[in-house]
Amino acid sequence: MAAPKTWKRLVFSGYTPAFSWVFTRITDRFFRTHERRRGSAVLLLAPLLAEADSAPLASSKPPGFTGVEGLHSRFHWMADHVPAFRVPGGRICVLHSPDEFYQAMKARIKTAKSRVVMASLYLGTGPLEQDLVDCMEEALERSQEDHAPDLKVSFLLDYTRGSRGKHNSRTMLLPLLQRFPEQMRVSLYHTPDLRGLLRLLVPERFNETIGVQHIKAYLFDNSLIISGANLSDSYFTNRQDRYVLLEDCEEVADFFAELVGAVGDVSLQLQPDNSVHMMEGMVHPYKGNRADFSASAQRRIMEVVNTARVRQSMLEAECTEVPDSDVTVPDDTWIFPLVQMKPLGIHLDEQVTKRLLTEAGGDSVVYLTSGYFNLTRTYMQLVLGAAADYRILMASPEVNGFFGAKGVAGAIPEAYVHLARQFYNKVCQLGQQSRVHLHEYHRPDWTFHAKGLWYYVGGRDRPCLTLIGSPNFGYRSVHRDLEAQIAIVTENEELQMQLQQEQEVLYQSSTQVFSRPEVMDISLSVTDEKWDYMCDL
């Protein structure tokens, strides 16, 4: 799988010299000032900067375990930082296909009585997306047959992505907002890092590389789908992702409704005339003071996280003291919501992920997947320094979402090949090739967007833990965007079988790559460090 030399030249052909010089100077100065790191030469291929290796949470590996209490004792440290929700594993269902994901959403929108909450990067503009909007309109119409309609519909999208083009996410939702102003809310998150001269000069599409709202959570009354998939036609048809449905899990649904609501409170509010404004008393993300916005947003969001964490801790203490003998459905599964919003000073997901990778011992196997293989330096070092076996699944160039794109974007798939080769060279230099394996996903006429991990411990043949949600394990997920995923820790055999099947089906469509180290041929005078900066989307 040879990477052609021409892709590096193509990367630098997307700008005129004058525009490139101005753009690079502005973005370099911006990111040196606000992140104290060097900026990328090409903003479309957003930076993977070399971050300082902050220490993961303190680790103390417990002895072997049996049963759900043993699993919880092994992973109980998560509850010191995030809420811990105990649920029956039988209420969790792994969805496997884009169509199953789409049909599950439509069915639950149609039957929703009190709330529909949709958090995504954007809402597409095709017929499948319109069908989804029509389902919401029908549900709102039915709710108005009552004299006091209870159904509320709330969207959280990214401002830059949701405003792209003349026909966009905003125009898709305006008819609902105009017809049901008391029941509809559309919030558009705007990163505080896109402001001033940078905001004026960076063109559409390119401005999305500065930072976006990337959470994907879809809530219907007390049921919830956590995924990495956006609300767009390819994610409903032939773009492979991951999806998990939590049925009738009220406390988890309440948490995500409050989390999305909190981010919505610090976002721009779409009006029926397509204008936007901030809620009264809120700091504006790009007109207001940068530090004030981040501090107020952090307070609002962490209030949700900390309140839920304390409440769940108290409930767990009460259940431990007074066991409920009437319980017929075992609560054999734990849900830990992990939030990452580095622009707002929130890095809970990063802390937990670091410790999980740190504690992966020699008796463990970790299957890790990302649609865009660009692990941060810290995550790479933890994988290379761990004792566990790693099976890393990434997109082959042909199933990368940028494959065949024109101009600069068309170079992105081969850029990921380059990064994967760099990583595998390090694996071989350390003699770790028997422990760390890379796989490429292949599927004709499909693209690949799955992300997360499956954690097998103690020689077990089924995973007891999975991470699933929006993060890609790359620079943008850690430093730029708003992300959320859940850690599911389960002793439920049926749920473990579902997770095992999900992992196996994805890996069955892959082939192992890079069986030996290769010498990289850099035809331009660009350092490997610079290439590391450039490719995390």
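- An unreviewed UniProt entry annotates the chain as CDP-diacylglycerol--glycerol-3-phosphate 3-phosphatidyltransferase of Onychostoma macrolepis.
- Taken directly from UniProt, the Subcellular location (unreviewed entry) text for the chain runs: "Mitochondrion".

Focus: the overall build of the chain
Next, step 1: For the chain, the helix and strand inventory stands at 17 helices and 21 strands.
Next, step 2: Relative to all contacts within the chain whose residues are 6 or more apart in sequence, the contacts with residues 24 or more apart total 81%.
Next, step 3: Counting only carbon and sulfur atoms, one obtains 51% of the accessible surface of the chain, whose full area is about 21,100 Å².

Overview of the UniProt feature "domain: PLD phosphodiesterase" (unreviewed entry) in the chain
Next, step 1: Sites flagged by UniProt as "domain: PLD phosphodiesterase" (unreviewed entry) map to residues 209-235.
Next, step 2: Each end of residues 209-235 is marked by a C-alpha atom, and these two atoms are 21 Å apart; helix forms 11% of the span and strand 33%.

Structural notes on the packing of aromatic side chains
Next, step 1: If you walk through the whole model with that rule in mind, you get 15 aromatic pairs.
Next, step 2: Lying across the ring of Tyr122, Arg161 places its NZ or CZ 3.8 Å from the centre.
Next, step 3: Over the ring of Trp446 we find Arg443, and its NZ or CZ is 3.5 Å from the ring centre.

Points about the pattern of salt bridges
Next, step 1: This structure, assessed with the given rule, holds 19 salt bridges.
Next, step 2: Note that Asp265 is salt-bridged to Arg185, the shortest N-O span being 2.7 Å. Of the two residues, Asp265 sits in helix 10 (residues 250-265) while Arg185 sits in strand 5 (residues 184-189), which places them 80 residues apart along the sequence.
Next, step 3: Taking the relative accessible area as the measure of exposure, Asp265 reaches 11% and is therefore buried.
Next, step 4: The exposure class of Arg185 is partly exposed, given its relative accessible area of 24%.
Next, step 5: Residue Glu502 is joined to Arg242 by a salt bridge in which the shortest nitrogen-to-oxygen separation is 2.9 Å. With Glu502 in helix 16 (residues 493-508) and Arg242 in the loop between strand 8 (239-240) and strand 9 (243-246), this pair connects stretches of sequence that are 260 residues apart. Neither residue differs from the other here; Glu502 and Arg242 are each classed as buried.
Next, step 6: It is possible to trace a salt-bridge network through shared partners that takes in Arg185, Asp265, Arg300 and Glu303.

Focus on the sheet that holds strand 11 (residues 276-277)
Next, step 1: Pairing is mixed in the open sheet, where 9 strands are placed in the order 2-9-7-6-3-4-5-10-11. Taken across any chain shown, the strands that pair with only one partner, and hence form the sheet edges, are strand 2 (92-95) and strand 11.
Next, step 2: The pairing of strand 3 (residues 115-119) with strand 6 (residues 217-220) spans 4 bridges and is antiparallel. Looking at the pairing, Met118 lines up with Tyr218 of strand 6.
Next, step 3: Sheet contacts for helix 4 (residues 98-111): strand 2, strand 3, strand 6, strand 7 (223-227) and strand 9; angle to strand 6, the most-contacted strand, approximately 35°.
Next, step 4: Packed on one face of the sheet, helix 7 (residues 169-179) meets strand 4 (152-158), strand 5, strand 10 (268-270) and strand 11 and runs near 155° to strand 5.

Focus: a nonpolar patch on the surface
Next, step 1: Taken together, the side chains of Leu197, Leu200 and Leu201 make up a nonpolar region of the molecular surface, amounting to roughly 320 Å² of accessible area.
Next, step 2: Along the polypeptide, Leu197 turns up in helix 8 (residues 196-201).
Next, step 3: Judged by its relative accessible area of 54%, Leu197 falls in the exposed class.

Digging into helix 13 (residues 377-385)
Next, step 1: What helix 13 keeps buried is the set Thr378, Tyr379, Met380, Leu382, Val383 and Leu384.
Next, step 2: Buried residues in helix 13 make contact with helix 12 (348-358), strand 15 (389-395), helix 14 (412-429), strand 16 (436-441) and helix 15 (475-480).

What about the pairing of strand 7?
Both faces of the sheet carry side chains from a regular strand, because those side chains alternate between them.
Next, step 1: Most of strand 7 is tucked away, with 5 of its 5 residues classed as buried.
Next, step 2: Across 4 bridges, strand 6 lies against strand 7 in antiparallel orientation. Looking across to strand 7, one finds that Leu219 is bridged to Leu224.
Next, step 3: In this structure, the hairpin formed by strand 6 and strand 7 is closed by a connection of 2 residues, where Asp221 is found at a positive phi of approximately 55°.
Next, step 4: Relative to strand 9, strand 7 runs antiparallel, the two being bridged by 4 bridges. Among the inter-strand pairings, Ser227 is bridged to a residue of strand 9, identified as Tyr243.

Re the environment of Gly165
Next, step 1: Here Gly165 shows up in the loop between helix 6 (159-162) and helix 7.
Next, step 2: Linking Gly165 and Glu204, residues 39 residues apart in sequence, is a C-alpha distance of 8.4 Å.

Things to note about the side chain of Asn230
Next, step 1: Its place among the elements puts Asn230 in the loop between strand 7 and helix 9 (233-237).
Next, step 2: Residue class for Asn230 comes out buried when judged on its relative accessible area of 2%.
Next, step 3: Among the polar contacts listed, one links the side chain of Asn230 to the side chain of Ser120, at a separation of 3.3 Å.
Next, step 4: A distance of 3.3 Å separates the side chain of Asn230 from the backbone nitrogen of Leu121, its partner in a polar contact.

Some remarks on the environment of Tyr286
Next, step 1: With respect to the helices, strands and loops of the structure, Tyr286 is situated in the loop between strand 11 and helix 11 (290-321).
Next, step 2: With a relative accessible area of 18%, Tyr286 lands in the buried category.
Next, step 3: Separated by 90 residues in sequence, Tyr286 and Gly196 place their C-alpha atoms 7.3 Å apart.
Next, step 4: Once residues within four sequence positions are removed from consideration, Tyr286 is found in contact with His190, Leu194, Arg195, Arg199 and Leu268.

Conventions and cut-offs
Residues numbered from 1 in each chain as written. Predicted model: local features only at pLDDT ≥ 70, side-chain atom pairs only at ≥ 80, totals over all residues. Heavy atoms only, no water. UniProt positions renumbered as here; feature names shortened; annotations may be inferred. Helix = DSSP H or I, 4+ residues; strand = E, 2+ residues; numbered from the N terminus. Contact = heavy atoms within 4.5 Å. Areas by Shrake-Rupley, 256 points an atom, 1.4 Å probe, with all protein chains shown as cover. Phe/Tyr/Trp six-rings, centres within 6.5 Å; stacked < 30°, edge-to-face > 60°. Lys NZ or Arg CZ within 6 Å of the ring centre and 35° of its normal. Salt bridge = Lys/Arg side-chain N within 4 Å of Asp/Glu carboxyl O. Buried < 20%, exposed > 50% of the residue type's maximum accessible area, 1.4 Å probe, protein only. Pairing = 2+ DSSP bridges. Axes fitted to C-alpha atoms, helices over the stretch in contact; angles between N-to-C directions. Patch = residues over 30% accessible without salt bridge, like charges linked within 9 Å, V, L, I, M, F, W, Y side chains within 5 Å. Polar contact = N/O pair within 3.5 Å; in protein donor to acceptor, adjacent residues only side chain to side chain.

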